[in-house]
Amino acid sequence: MSKSSNPKGRTTIEVGADGVAVITIINPPVNSLALDVLYSLKENYDQALRRDDVKAIVVTGANGRFSGGFDISAFGKLQGGTVESPKPGFISMEILTDTVEAARKPSVAAIDGLALGGGLEVAMACHARISTPNAQLGLPELQLGILPGFGGTQRLPRLVGLAKSLEMMLTSKPVKGEEAVNLGLVDAVVPSNQLLDTARKWALDILECRKPWVASLHKTDKIEPLGEAREILKFARVQTRRQAPNLQHPLVVIDVVEEGIVSGPRAGLWKEAEAFQSLLHSNTCKALVNVFFAQRATTKVPGVTDLGLKPRRIKKVAILGGGLMGSGIATALLLSNYPVILKEVNDKFLQAGLGRVKANLQSSVKKGKMSQEKFEKTLSLLKGALDYEDFRDVDMVIEAVIENVSLKQQIFAELEKYCPPHCILGSNTSTIDLNLIGEKTKSQDRIIGAHFFSPAHVMPLLEIVRTQKTSPQVIVDLLDVGKKIRKTPVVVGNCTGFAVNRMFFPYTQAALLLVERGADVFRIDRVITKFGMPMGPFRLCDLVGFGVAIATGGQFVMNFPERTYKSMLIPLMQEDKRAGETTRKGFYVYDDRRKASPDPEIKKYIEKAREMSGVTIDPKMAKLSDKDIIEMIFFPVINEACRVLAEGIAVKSSDLDISAIMGMGFPPYRGGIIFWADTLGSKYIYSRLDEWSRMYGDFFKPCSYLAERASKGSPLWTRFPFLSAAHIRLQLRVLQQIQPSRACKISNASEHSSTS
């Protein structure tokens, strides 16, 4: 048995009486290929090749998982130079090509669970692959801004063909074992309990020439003739440029694949090794790795998830309101097998709400994501209600009615009467203060915001909003529900707009300010879309509707009067029955297929709004560069994000990165709003905002957090929250009940600490 310097990450070797050496990858939880594991793999391979009692080799992974790929936590160390990087090509050439594939003893990969990224690349270097039916096999490296770096760009095309390999790499979509055998990626599919025995026998059959001995790097039968191959590659480039115009690494993958086809696989491997090193240090890779870890860190909430609390089982959920949001939330819960009560005020509204849920589920059937049998079973979990009688045994309620304070207060007072004492009382409000909503109840400790984004069954973010009175247990429960309904939950504090809407209210307001001073509406949208947002601020206004835009904008103007930009443009257009996409007229006009076309008529509304605001055209605004437009739209967003951090509304900056990406469509390859800001530098952002505030007013005025960071040249990124005294007291109170000695230590430490 070979042991690496890291006892957690290693491989082991065990030789059976049949002469087959089984090399097992061990690095829980997904057997990731840390450098120690790869070095250990080579050691054990060399040992197996030296030993006379070894006839053949099987490579497998411990605990039902082959390997989830290269250890992503090593990326930061390699990028920062804190870990010595292997020489280019060491893994792909010396280990996998010249040791594994070129071995004089046959090897078979026994794949269970998953073989992703480097895991699949190790398997493809073996002379055959046996898989379980549901194992997932794929090369998802592009999601991290890199390309397969262990030979995958050369072996996958030779095993499954050029078109399919490009599709798998460019989309990062894995295939299951059953499809993999049809593609030629694996040689046979067997149940888990037969996997190792079949692989051992297969390896011996290769040795005895009863099965083919295939070096996949030198297969040619799946590769199209050169002329045809070049056409496939050309088409892939056109599609990639269209779908990801700001990204280079997908094009690099295509170039590397082409090099192998034109100049041979060995040349392809060298080009792959060079490209991997270059991409590893790119801003895109750093940004996407940040997103990878930020998304996984959202469930770690200081003072909540470190208290040792276990989530309670939520058996039944009630939704109040069957509109677009309520029906979407109900759909999300049903898709994860939660029984749902949907309540409405009258039968007409109830039937409409139930119909929306049914239509959402039927859409999954039409897309082939759900069978008719599963549809009927899922729909049977839904029950309509016109009163609160069915609420007596629910574990959680989510209110999703219109944004009206008095209505919500009345609803929560009634919920307190009818729901059991343990029931979580959630609200899907997007702007209203939760303390206000729960003002007329005695249950503030179980009131929490469950803010979904529309459409709720599709959008991946769940904003969990806590007040200073919300019980940590309730937060832990909702985090668990979020995970089970496949959302990324982000825990935020209670304020107007919470994190996402609060952070992004300047997005539209900055655009309105620019337009009233002479910038072109449609150019702003084009520039922002080119930057990577799904749509510009004006197209977004049309989509959400002017009624919503005015209502939410009004909340920010009322609560933050000193730093909001008050424009009459949208109210003037609404007065003229232009309310956005639903009325087929907003900033754009819409045809029957909802295709948007710029409407020159809006110029008259802009002129009128300009008169009412008392501003004049600034000639510089018509000549702004794309860079200026991007910065004038997004730097106020960064400024507000800094306030959200400073006030402790967000517990860490990475939560804001994820919130911006999943809630507003900020391009993930830019790493999130704070990550992107730090690539530009706090000093630069401060200086630009300061300059604009002198020219155009307090809307652009840098906040004190940004000013302080800029003065020190510090990044905006922060790992831990600016927890309020109330949050610390709450944590101590809960800890006193759970772990009194630990609470005492925290209390003593907090007296001597200061916020950095």
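Rules used throughout
- Residues numbered from 1 in each chain as written.
- Predicted model: local features only at pLDDT ≥ 70, side-chain atom pairs only at ≥ 80, totals over all residues.
- Heavy atoms only, no water.
- UniProt positions renumbered as here; feature names shortened; annotations may be inferred.
- Helix = DSSP H or I, 4+ residues; strand = E, 2+ residues; numbered from the N terminus.
- Buried < 20%, exposed > 50% of the residue type's maximum accessible area, 1.4 Å probe, protein only.
- Contact = heavy atoms within 4.5 Å.
- Areas by Shrake-Rupley, 256 points an atom, 1.4 Å probe, with all protein chains shown as cover.
- Salt bridge = Lys/Arg side-chain N within 4 Å of Asp/Glu carboxyl O.
- Expected span 1.5 Å × (residues − 1).
- Patch = residues over 30% accessible without salt bridge, like charges linked within 9 Å, V, L, I, M, F, W, Y side chains within 5 Å.
- Core = buried A, V, L, I, M, F, W, Y, C linked by side-chain atoms within 4.5 Å.
- Pairing = 2+ DSSP bridges.
- Right-handed = clockwise from strand over helix to strand, strands pointing away.
- Axes fitted to C-alpha atoms, helices over the stretch in contact; angles between N-to-C directions.
- Arc of directions from axis to C-beta.
- Phe/Tyr/Trp six-rings, centres within 6.5 Å; stacked < 30°, edge-to-face > 60°.

- Looking up the chain in an unreviewed UniProt entry gives the name 3-hydroxyacyl-CoA dehydrogenase, with the organism given as Solanum verrucosum.
- UniProt annotates the chain under Pathway (unreviewed entry) with the comment "Lipid metabolism; fatty acid beta-oxidation."

**Description of the overall build of the chain**
Alright, step 1. Along the chain, the regular secondary structure elements total 31 helices and 19 strands.
Alright, step 2. Considered along the principal axes of its C-alpha atoms, the chain spans approximately 85 × 60 × 60 Å.
Alright, step 3. Going through the 756 residues of the chain one by one, you find that 56% of them count as buried.
Alright, step 4. The long-range fraction of contacts in the chain, counting pairs at least 24 apart against all pairs at least 6 apart in sequence, stands at 73%.
Alright, step 5. As displayed, the chain has an accessible area near 32400 Å², and 53% of this comes from carbon and sulfur atoms.

**Overview of the pattern of salt bridges**
Alright, step 1. With the rule as written, the count across this model stands at 42 salt bridges.
Alright, step 2. Note that arginine 578 and aspartate 599 form a salt bridge whose closest N and O atoms lie 2.5 Å from each other. Of the two residues, arginine 578 sits in the loop between helix 23 (569-575) and strand 18 (588-590) while aspartate 599 sits in the loop between strand 19 (596-598) and helix 24 (602-613), which places them 21 residues apart along the sequence. One exposure class covers both arginine 578 and aspartate 599, and it is buried.
Alright, step 3. By sharing partners, the salt bridges in this structure join Arg502, Glu562, Arg563, Glu640, Arg643 and Glu647 into a single network.

**Points about the environment of valine 175**
Alright, step 1. By the element assignment, valine 175 lies in strand 8 (residues 175-176).
Alright, step 2. Residue class for valine 175 comes out buried when judged on its relative accessible area of 4%.
Alright, step 3. Considered as a pair, valine 175 and glutamate 43 are 132 residues apart in the sequence and their alpha carbons are 31 Å apart.
Alright, step 4. Those residues in contact with valine 175, other than ones at most four positions away along the chain, are Ala135, Gln136, Leu137, Lys164, Met168, Ala180, Leu183 and Leu185.

**What to know about helix 11 (residues 265-280)**
Alright, step 1. The first and last C-alpha atoms of helix 11 sit 22 Å apart over 16 residues, in line with the 22 Å expected at 1.5 Å per residue.
Alright, step 2. Along helix 11, the residues that are buried comprise Pro265, Gly268, Leu269, Glu272, Ala273, Ala275, Phe276, Leu279 and Leu280.
Alright, step 3. Looking at the buried residues of helix 11, the elements they touch are helix 2 (73-80), helix 3 (90-101), helix 5 (152-160), helix 10 (249-263) and helix 12 (283-297).

**Here we look at a nonpolar patch on the surface**
Alright, step 1. On the surface, Leu543, Val544 and Val548 cluster together into a nonpolar patch covering about 230 Å² of accessible area.
Alright, step 2. Along the chain, the position of valine 548 falls in helix 22 (residues 546-559).
Alright, step 3. Take valine 548: its relative accessible area is 45%, and that puts it in the partly exposed class.

**Details of the nonpolar core**
Alright, step 1. Residues Phe587 and Phe634 are the most contacted members of the largest nonpolar core, which totals 100 residues.
Alright, step 2. Of the residues forming this core, the biggest block, 12 residues, is contributed by helix 25 (residues 626-646).
Alright, step 3. Not counting chain neighbours up to four residues away, the residues in contact with phenylalanine 587 comprise Val521, Phe522, Phe538, Cys541, Asp542, Phe546, Leu569, Ile570, Met573, Asp599 and Ile602.
Alright, step 4. Counting 74 residues, the second largest nonpolar core, distinct from the first, contains Ile95, Leu183, Ala236 and Leu280.

**Brief notes about the pairing of strand 2 (residues 20-26)**
Alright, step 1. Where burial is concerned, most of strand 2 is hidden: 7 out of the 7 residues are buried.
Alright, step 2. Here strand 2 shows two buried faces, one formed by Val20, Val22, Thr24 and Ile26 and the other by Ala21, Ile23 and Ile25.
Alright, step 3. Of the pairings in the sheet, the one linking strand 1 (residues 10-15) to strand 2 comprises 6 bridges and is antiparallel in character. Each residue of the ladder has a partner; that of threonine 12, found in strand 2, is threonine 24.
Alright, step 4. The antiparallel hairpin formed by strand 1 and strand 2 contains 4 residues in its connecting segment, where glycine 19 sits at a positive phi of about 85°.
Alright, step 5. In this structure, strand 2 lies alongside strand 3 (residues 56-61), joined through 6 bridges in parallel fashion. Residue pairing for strand 3: isoleucine 23 is matched across the bridge by valine 59.
Alright, step 6. The parallel pair strand 2 and strand 3 is bridged by helix 1 (residues 35-50), and the resulting crossover is right-handed.

**Thoughts on the sheet that holds strand 7 (residues 136-138)**
Alright, step 1. The strand order 5-7-8 describes an open sheet built from 3 strands, whose pairing is mixed. Because the sheet does not close on itself, it has two edges, and the strands there are strand 5 (114-116) and strand 8.
Alright, step 2. With 2 bridges joining them, strand 7 and strand 8 adopt antiparallel strand pairing. Bridge pairing in strand 8 places glutamine 136 opposite lysine 176.
Alright, step 3. On the sheet, helix 4 (residues 118-125) packs against strand 5 and strand 7 and is oriented at approximately 95° with respect to strand 5.

**A closer look at the side chain of serine 131**
Alright, step 1. Within the secondary structure, serine 131 is located in strand 6 (residues 128-131).
Alright, step 2. When near neighbours in sequence (up to four residues on either side) are disregarded, serine 131 contacts Ile111, Leu137, Gly177, Val186, Ala188, Val189, Val190 and Leu195.

**Side note on helix 2**
Alright, step 1. By the burial criterion, the buried members of helix 2 are Ala74, Phe75, Leu78 and Gln79. The buried residues of helix 2 occupy an angular sector of 135° when projected down its axis, which confines them to one face.
Alright, step 2. Where helix 2 is buried, its residues contact helix 1, helix 11 and helix 12.
Alright, step 3. Following helix 2 by one or two positions, glycine 81 has its phi on the positive side, about 75°.

**A short note on the pairing of strand 14 (residues 424-427)**
Alright, step 1. Burial along strand 14 is two-sided: Ile424 and Gly426 and Leu425 and Ser427, pointing in opposite directions, are all buried.
Alright, step 2. When strand 13 (residues 396-399) meets strand 14, the two strands line up parallel, connected through 4 bridges. Within strand 14, the position partnered with glutamate 399 by the bridge is serine 427.
Alright, step 3. On the question of chirality, the crossover connecting strand 13 to the parallel strand 14 by way of helix 16 (residues 405-418) is right-handed.
Alright, step 4. Bridge analysis of strand 14 against strand 15 (residues 447-452) gives 3 bridges, and the strand direction is parallel. Within strand 15, the residue paired with leucine 425 across the bridge is isoleucine 447.

**Remarks on the sheet that holds strand 12 (residues 382-385)**
Alright, step 1. Reading across from one edge, 12-11-10-13-14-15-16-17 is the order of the 8 strands in this open sheet, with mixed pairing throughout. With one partner strand each, in any of the chains shown, strand 12 and strand 17 (488-493) form the two edges of the open sheet. Put simply, the sheet's adjacent strands are angled 25° from each other on average, direction ignored.

**Some words on the packing of aromatic side chains**
Alright, step 1. Counted by the stated rule, this structure contains 26 aromatic pairs.
Alright, step 2. Relative to phenylalanine 634, the ring of tyrosine 507 lies with its centre 5.7 Å away and its plane at 40°, an arrangement referred to as tilted. One end of the pair, tyrosine 507, is in helix 19 (residues 500-516); the other, phenylalanine 634, is in helix 25, and 127 residues separate them in sequence.
Alright, step 3. Tyrosine 507 sits in the buried class, given a relative accessible area of 1%.
Alright, step 4. Classification of phenylalanine 634 by relative accessible area gives buried; the value is 0%.

**What to know about unusual backbone geometry**
Alright, step 1. In this structure, proline 29 follows proline 28 across a cis peptide bond, with omega equal to 5°.
Alright, step 2. Within the fold, proline 29 resides in the loop between strand 2 and helix 1.
Alright, step 3. For the bond from serine 454 to proline 455, the omega torsion is -5°, close enough to zero to count as cis.
Alright, step 4. Within the chain, serine 172 stands out as a residue other than glycine whose phi angle is a positive 60°.
Alright, step 5. Here serine 172 shows up in the loop between helix 6 (162-171) and strand 8.
Alright, step 6. Serine 172 gets classed as buried once you look at its relative accessible area, which sits at 8%.

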